[in-house]
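# Inside the fold
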2 protein chains.
Amino acid sequence: MATLGDIAVSAAINLLSAFLFLLAFAILRLQPFNDRVYFPKWYLKGLRSSPSRSGAFVRRIVNLDFRSYIRFLNWMPEALKMPERELVDHAGLDSAVYLRIYLMGVCLYRVIPLLLDGYMHICFNVSSQASVSEWWLKIFVPIAFLAWAILVPVNYTNDTLKVAQLVSNVTASDIDKLSISNIPLKSQRFWTHLVMAYAFTFWTCYVLLREYEKVASMRLQFLSSESRRPDQFTVLVRNVPPDPDETVSELVEHFFLVNHPDHYLTHQVVRNANKLASLVKKKKTKQNWLDYYQLKYSRNQLQRPQKKTGFLGLCGEKVDAIDHQTSEIWKLTKEIEEEREKVLNDPKSIMPAAFVSFKTRWGAAVCAQTQQSRNPTLWLTEWAPEPRDVYWQNLSIPYVSLSVRRLIIAVAFFFLTFFFMIPIASVQALASIEGIEKRAPFLKPVIEIKFIKSVIQGFLPGIALKLFLMFLPTILMFMSKFEGFVSLSSLERRSATRYYIFLIINVFLGSILTGAAFEQLNSFIKQSANEIPKTIGVAVPMKATFFITYIMVDGWAGIAGEVLMLKPLIIYHLKNFFLVKTEKDREEAMDPGSLGFDTGEPRIQLYFLLGLVYATVTPALLPFIIIFFAFAFVVFRHQIINVYNQEYESGAAFWPDVHGRVIAALVISQLALMGLMSTKRASQSTPFLIALPVLTIWFHMFCEGRYKSAFVKYPLEEAMMKDTLERSREPNFNVKAYLQSAYIHPVFKGDDDDEDDYMRGKEETESVLVPTKRLSRKNTPVPSKISGGSSPEAVKKGEP
Amino acid sequence: MATLGDIAVSAAINLLSAFLFLLAFAILRLQPFNDRVYFPKWYLKGLRSSPSRSGAFVRRIVNLDFRSYIRFLNWMPEALKMPERELVDHAGLDSAVYLRIYLMGVCLYRVIPLLLDGYMHICFNVSSQASVSEWWLKIFVPIAFLAWAILVPVNYTNDTLKVAQLVSNVTASDIDKLSISNIPLKSQRFWTHLVMAYAFTFWTCYVLLREYEKVASMRLQFLSSESRRPDQFTVLVRNVPPDPDETVSELVEHFFLVNHPDHYLTHQVVRNANKLASLVKKKKTKQNWLDYYQLKYSRNQLQRPQKKTGFLGLCGEKVDAIDHQTSEIWKLTKEIEEEREKVLNDPKSIMPAAFVSFKTRWGAAVCAQTQQSRNPTLWLTEWAPEPRDVYWQNLSIPYVSLSVRRLIIAVAFFFLTFFFMIPIASVQALASIEGIEKRAPFLKPVIEIKFIKSVIQGFLPGIALKLFLMFLPTILMFMSKFEGFVSLSSLERRSATRYYIFLIINVFLGSILTGAAFEQLNSFIKQSANEIPKTIGVAVPMKATFFITYIMVDGWAGIAGEVLMLKPLIIYHLKNFFLVKTEKDREEAMDPGSLGFDTGEPRIQLYFLLGLVYATVTPALLPFIIIFFAFAFVVFRHQIINVYNQEYESGAAFWPDVHGRVIAALVISQLALMGLMSTKRASQSTPFLIALPVLTIWFHMFCEGRYKSAFVKYPLEEAMMKDTLERSREPNFNVKAYLQSAYIHPVFKGDDDDEDDYMRGKEETESVLVPTKRLSRKNTPVPSKISGGSSPEAVKKGEP
């Protein structure tokens, strides 16, 4: 078992690495040639232009102003400066609400700036836009305060562990003396823990309620303040039944003309352009290679570049690279042309799904919320996702296939989750001192060196876990895609749910049970699954030190690594060197990335879980959690302001999930405490804990009933208000032309149109504040206003 | 432990009592003076008139035709004669579908008639309207066949129990030899049970799927074939927010004029008439007493009846009864008048709820399925229940109060469920031979008489349980009312769910665990709740004989008692003697009752649970279950055709609950089998059982997704079709007048209007086949067509 000394070493290592990351970041971000890596958001917004254009050559690449290095942490207060309302305008509601998750963990808005103020003697004022109570009163700071003020003294003033150490040679660290383990069996002191469990639960629920309320009102405000968007008028219809006499398009038109006669406007059938999209993608890769060879040739005109045609260019015939790529591209262009023709003219490529648009928001709201057909598996309607949020590949999956896919994925996920445990357990067993000594006795002298021992115990288990987790999100995302969700946001939400379950079972339970199992000489291993609460309860206090290390490795150092953005940095410079010819290429070389809700959110939730579970058991863990939340909040606020470019905007539709998971963490923490206390024979107080999960689940149901519909439905009152307002403001606006080609597969909106699209987009969006200089907007197919007529014609007008 | 002999005695007793009940029924029902007790449905339908009017006096009271007594069972084939479609017309969809639950348990449509045919030499033909597969292929008959063909031989050809009996003096009955208990530990024969468990599950799921499909299509057909009903056009709006400037009525009108401008027609505010209703009820009771005294006086004119004014007429001053009642009634009439005025004019009596009617079914369907306001707890809309289905008292409960009430009831129900177990357990312990001998040793010689011993063992535990359960439904219904549901049908559904949970925990688990606990010398009692599956699994085979007795007492004799209708019979004759003066009074004295979904359905479900749990464990129990289902089906079919008068028609809205509970029973049976097999150390085969509950739950989710919305939503396609049809058929129909007073509190529709209402109702309903002679229709306030104008005026026109 790790002692305080081990933790100190681990903390020092992690603090050092975090500091090094931050230092590297501070230096790198000030270099002008990295500007596009660390501030891509501003380039995309058109508010920043390449510094390389002006000034001396050296100045363009390296920052020689030493004053700026001294204030190397001043990105932190800068990140905190922007008020939340402005942040919503700048980065969207999704990002702003995502930050509130960190904020929910801890309050720091005013603490960190004050600390940094002292360091940098910079004065700025952020206190005006938010009241103190708004920011201060979040979950973990008051809990930590209470726990340290009450639980720690109660735990510390016993000597159970000391006695146990003497009697049966149990090892215990100093941290354990602050924990519930130090309280003797049947003690009356457990009443304190009981009362604290109630206090923590009520406090957490109160914060959750306030947050839910706040986020719901932010969402409604955001939706109502937004300008016209095609998805407000559009409904996605799936499972259009086959009809021998009519095409899908005719069928859809007739059905909606009959059943929504006053509101139906137009529709857009969905075509299966998956093959076309992959061809276009292939062509783009080839084009990149051609650019690379041409650039190479232009730099060294003596030798025409050559390549091998075989696997990965490693084997096969040698050919002239430029000629080869040109002919390949020509072939692909022709293929694309044929495929495009086929998709547009072949009725088989039309899927039984359509985007149906209505004259008013009211009509769309009605259609999205009601059942259309007798058979509830036909004519399924739902809100159309934003055009850029649509996941086109999945639009054509029929209903029956969907539920079979769901079963398959459920079973697959089950196996993934439970078979993943085996490698983790074995690696952790290997990584323990005893494991290494047993399997590789010759390493014993090296390991016994005190410093290396500390490193192994404090560092390796965390790293092993981390490596395992790296490959997971891709698999989970694939699963969600296979399951058939039709929007990127729902794909991410689903993956996040899966990832969270995975983290609970493998990281939380896996670490607690198998780790503890090895420590406690296999005493648990063969126990039945029914005894889990007790088993967890007993193991929880023993793993406190492991989780403290985990928080430091994954939380502190990991977050500091995030801000450094090493991967995008390297890729950008490689692309910049090999591919970039024009300013537009440079734009494309930027990879701002996005928040990554599917992996980021479950990771935060794991910290919530740890915080809540250990709040009553080992309060010594709480400060580490608080530091994580505070640090992560600043880092992600900086990233959101300067780097990330969200692919879509779901209007914080993920909040019910976030809420539900914190509730789940609460219930787990209560069950673990019940298990722990029942093994401590606190039979007087344990029964009183039963009410806690009941109340918590009731609270959850209450919140769902009260707020959830704000995240899934669109109230008619709202729709009618916006419709009326718009009709009086722009009585002659042509909605049909506006919606005509909003939902066309992005592959039909060729790159050539990007510019026009963007200019048109600009005319329509009223919320942009500053004139822009950017040339193309990626992944944002704004509907074209000019193209008219029915859909196939409109599509044909795209890239010839 | 009960032996085969005990069971035979018990079976004989129960068969005898069932036979006696049936005989009594056969004799009583043929007497003309009981006609209104056993055929009230036909009176209410107007298809039967009092036989007392014609013929000789004796003939009017006693049936002297002895030929009819010989064929005393011929009500059975008569009950089976009516085809299902006609039954739907005759008794409504609810009743017809309710019968399908029994039918799902077993098929007998063609078996029983054939048996009876042999008995009575009566020939009739029912085979035309349903194919054999439709009726034959239900859950338990094939399961029983399979189980007896395969499991029973596999179980019987072991001698584990014989050996155990020799070695450790364990007692085992012959039934146990047919059960899984007879298979030795670690035997390979458990594979048979595994395969059978899969077969039974798949078979049950297949039947459930077919039934769900059939019932859903029946419901849709029923709804679409129905004539115009006010609830098709009406939506119940609750939680209208308070407004300082407008009344609720104005507010509702404005809100819907704004948000549903093209569809809103009219509305009806809800008034708090609870006090008025109770006053009217009180007056009616007094009126009954007055009638009684007047009748008494008219029979014996020498002495004016007197009564005491105190508690229950037992103490206090003696007064002239007729004068006293008359003055009391006069006082009440005045009070009612005042209260009526108050309710109609006091704005405080207007509740924040309203019935909003729309011009078309489409408009109502849209409003009921969508969210109206930004705040999801305001302007809650849902389908209005049928006017006679509305539970008026609950219309005014605000949202927050609702969720608090739900928590309170959840906790109360929890305590009710778990504290109820204590008396049952102690009574059962007392009622066992050992218990009685221990506590009352002087009874020993009596008890040891073989016959009495059998009676005690076979009869008492069942009776004790039955008595406990008698008082429960009232409590559960009160709970549901307190929870705030707004329609009788949903109240009954909720009570049924609660009752089912209660039955599972107290009857099923309670009998298995505590009973077994006493038998097995308290070895289970202090075990933790975690081990439940194993504990149940072990105990299940031991309690087979107990449940066989239970089925005979509760199922066989209980159902035979049901058909006798002793309570209504006595009450009718008492009323007839003391109160009835006119033919109308006689009508009112009839108490046809209704199906009682809240108690009946959970009881059937208990038999499903027993059947499924014991199918793999003790197949000997299955024949008893099959006989129960067959018998109950015939009896209830008879009752539905001849007796019950449903208070409301929900269109089989309860089917998803029925389906869900059979699934729950399946999962419980699978878990019990897993528990049992894991204690039998069948470690090779047990893991393969894990897939079963997963598949079952997935199947449930699939069915819910596929069919459930047919029971909760109203498809727009359907609504539009009916609207269009109606518009072309009756272009000048005045919907507003039709709906004007549909949703007026029944207390405002004085009894005087009953007749008119009914006549109007008749004009509107097109599906009545035969002219009616009945005079009043109770509990069926059909909307008045004549009264026009806005609601308060319309109300005032009611009883002056």
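Residues numbered from 1 in each chain as written. Chains lettered and ligands numbered in written order. Predicted model: local features only at pLDDT ≥ 70, side-chain atom pairs only at ≥ 80, totals over all residues. Heavy atoms only, no water.

As recorded by an unreviewed UniProt entry, chain A carries the name Calcium permeable stress-gated cation channel 1 and is attributed to Dovyalis caffra. What UniProt states about chain A under its Sequence similarities (unreviewed entry) heading is, verbatim, "Belongs to the CSC1 (TC 1.A.17) family." (UniProt positions renumbered as here; feature names shortened; annotations may be inferred.)

## So, the sheet that holds strand E5 (residues 350-358) of chain B
Residues and elements named next belong to chain B. Taken in spatial order, the 4 strands of this open sheet run E2-E5-E1-E6, and their pairing is antiparallel. For this open sheet the edge positions go to strand E2 (264-271) and strand E6 (380-383), each flanked by a neighbour on one side alone. Here the strands of the sheet are splayed against their neighbours by 30° on average, with no regard to which way each runs. Sheet analysis places E2 next to E5, joined by 6 bridges and oriented antiparallel. Each bridged residue has a counterpart across the sheet, and for Arg-271 the counterpart in E5 is Ile-350. On top of the sheet, helix H19 (residues 361-369) reaches strand E1 (234-238), E5 and E6; it is set at about 130° to E6, its chief contact. (Pairing = 2+ DSSP bridges. Helix = DSSP H or I, 4+ residues; strand = E, 2+ residues; numbered from the N terminus. Axes fitted to C-alpha atoms, helices over the stretch in contact; angles between N-to-C directions. Contact = heavy atoms within 4.5 Å.)

## Some details on a negative patch on the surface
Judged by side-chain charge, Glu335(A), Glu337(A), Glu338(A) and Glu341(A) come together as a negatively charged surface patch. Residue placement: Glu341(A) occurs in helix H18 (residues 321-345). (Patch = residues over 30% accessible without salt bridge, like charges linked within 9 Å, V, L, I, M, F, W, Y side chains within 5 Å. Areas by Shrake-Rupley, 256 points an atom, 1.4 Å probe, with all protein chains shown as cover. Salt bridge = Lys/Arg side-chain N within 4 Å of Asp/Glu carboxyl O. Lys, Arg positive; Asp, Glu negative; His and termini not counted. Charge placed at Lys NZ, Arg CZ, Asp CG, Glu CD.)

## As for the environment of Ile101(A)
Within the secondary structure, Ile101(A) is located in helix H8 (residues 93-105). Ile101(A) sits 576 residues away from Met677(A) along the chain, and the two C-alpha atoms are 31 Å apart.

## Here's the deal with the packing of helix H20 (residues 399-419) of chain A against helix H34 (residues 691-712) of chain B
At a minimum axis separation of 11 Å, H20(A) and H34(B) run at an interaxial angle of 155°. Classified by the interaxial angle, the pair formed by H20(A) and H34(B) is roughly antiparallel. As for how H20(A) packs across H34(B), the hand of that crossing is right-handed. The residues of H34(B) that touch H20(A), namely those facing Tyr399(A), Ser403(A), Val404(A) and Leu407(A), are Leu695(B), Trp698(B), Phe702(B), Gly705(B) and Arg706(B). (Parallel < 35°, antiparallel > 145°, perpendicular 65-115°, else oblique. Left-handed = near helix turned anticlockwise from the far one by under 90°.)

## Thoughts on the relation of the copies chain A and chain B
The two copies are related by a screw operation: chain A maps onto chain B through 180° of rotation and 0.1 Å of translation along the axis, at an RMSD of 0.2 Å. The relationship between the two copies is best expressed as a two-fold rotation axis. Most of the interface of chain A is mirrored in chain B, where 100% of its interface residues are also at the interface. (Least-squares fit on C-alpha atoms with pLDDT ≥ 70 in both.)

## Quick look at the interface of chain A and chain B
Taken together, the contact between chain A and chain B spans 41 residues of the former and 41 residues of the latter. Between chain A and chain B, roughly 3900 Å² of surface is buried when both sides are summed, and carbon and sulfur atoms account for 57% of that area. Linking chain A with chain B are 12 residue pairs in polar contact (both at pLDDT 80 or more). Among the elements of the structure, helix H14 (190-225), helix H16 (248-259), helix H19 (361-369), H20, helix H34 (691-712) and helix H35 (716-729) of chain A are those that each provide at least two residues to the side of chain A that touches chain B. Among the elements that make up the side of chain A that touches chain B, the one with the highest residue count is H34(A) (7 residues). Considering only residue class, the side of chain A that touches chain B consists of 19 nonpolar, 16 polar and 6 charged. (Buried area = accessible area lost by both parts, 1.4 Å probe. Polar contact = N/O pair within 3.5 Å; in protein donor to acceptor, adjacent residues only side chain to side chain. Nonpolar A, V, L, I, M, F, W, Y, C, P; charged D, E, K, R; others polar.)

## Some remarks on the sheet that holds strand E1 (residues 234-238) of chain A
Residue and element names in this part refer to chain A. In space, the 4 strands of this open sheet follow the order E2-E5-E1-E6, with antiparallel pairing throughout. At either end of the open sheet lies a strand with only one pairing partner, and these are strand E2 (264-271) and strand E6 (380-383). Strand-to-strand, the axes of this sheet are offset by a mean angle of 30°, without reference to chain direction. Looking at chain direction, E1 and strand E5 (residues 350-358) are connected through 4 bridges and run antiparallel. Counterpart to Val-237 in the pairing with E5 is Ala-354.

## Re the environment of Ser489(B)
All names here are of chain B. Assignment of secondary structure puts Ser-489 in helix H26 (residues 488-519). With 203 residues separating them in the primary sequence, Ser-489 and Leu-692 have C-alpha atoms 33 Å apart. Ignoring any residue separated from it by four or fewer positions in sequence, one finds Ser-489 in contact with Asp-389, Tyr-648 and Ser-650.

## Notes on the packing of aromatic side chains
Counted under the stated rule, the structure contains 51 aromatic pairs over all chains. Considering the side-chain rings of Phe256(B) and Tyr264(B), the 6.3 Å spacing of their centres and the 20° angle between planes classify their relative orientation as stacked. Their ring planes at 80° and their centres at 5.9 Å tell us that Phe256(B) and Trp379(B) sit as a pair that is edge-to-face. With Phe256(B) in helix H16 (residues 248-259) and Trp379(B) in the loop between H19 and E6, the pair connects residues that are 123 residues apart, well separated along the chain. By relative accessible area, Trp379(B) is classed as buried at 6%. Note that Arg498(A) overlies the ring of Phe413(A), its terminal NZ or CZ placed 5.3 Å from the centroid. Sitting over the ring of Phe482(B), Arg405(B) keeps its end group 4.7 Å from the ring centre. (Phe/Tyr/Trp six-rings, centres within 6.5 Å; stacked < 30°, edge-to-face > 60°. Buried < 20%, exposed > 50% of the residue type's maximum accessible area, 1.4 Å probe, protein only. Lys NZ or Arg CZ within 6 Å of the ring centre and 35° of its normal.)

## Structural notes on the packing of helix H33 (residues 655-679) of chain B against H34(B)
A packed helix pair is summarised by two numbers, namely the angle formed by the two axes and the spacing between the axes. All names here are of chain B. At a minimum axis distance of 10 Å, the contact between H33 and H34 shows a crossing angle of 180°. Relative to H34, H33 is oriented roughly antiparallel. Across from Trp-655, Pro-656, His-659, Gly-660, Ile-663, Leu-666, Val-667 and Gln-670 in H33, the residues of H34 making contact are Leu-692, Pro-693, Thr-696, Ile-697, Phe-699, His-700, Cys-703, Glu-704, Lys-708 and Phe-711. Split into classes, the residues belonging to the contact of H33 with H34 amount to 11 nonpolar, 5 polar and 2 charged.

## Quick word on the confidence of the model for chain A
Atom-level detail of predicted coordinates should not be read off regions where pLDDT is low. Residue and element names in this part refer to chain A. Across chain A, the average pLDDT comes to 74, with 74% of residues at or above 70. Highest mean pLDDT in chain A belongs to helix H33 (residues 655-679) (88); lowest belongs to helix H38 (residues 791-796) (39). Here residues 108-114 is modelled with pLDDT under 50, and outside its nearest four sequence neighbours on either side it reaches 21 contacts, counting other chains as well. In the model, residues 515-526 has pLDDT below 50 throughout and makes 17 contacts with residues more than four positions away in sequence or in other chains. Among the prediction metrics, the complex's ipTM stands at 0.72, with pTM recorded as 0.77. (pLDDT = per-residue confidence, 0-100.)

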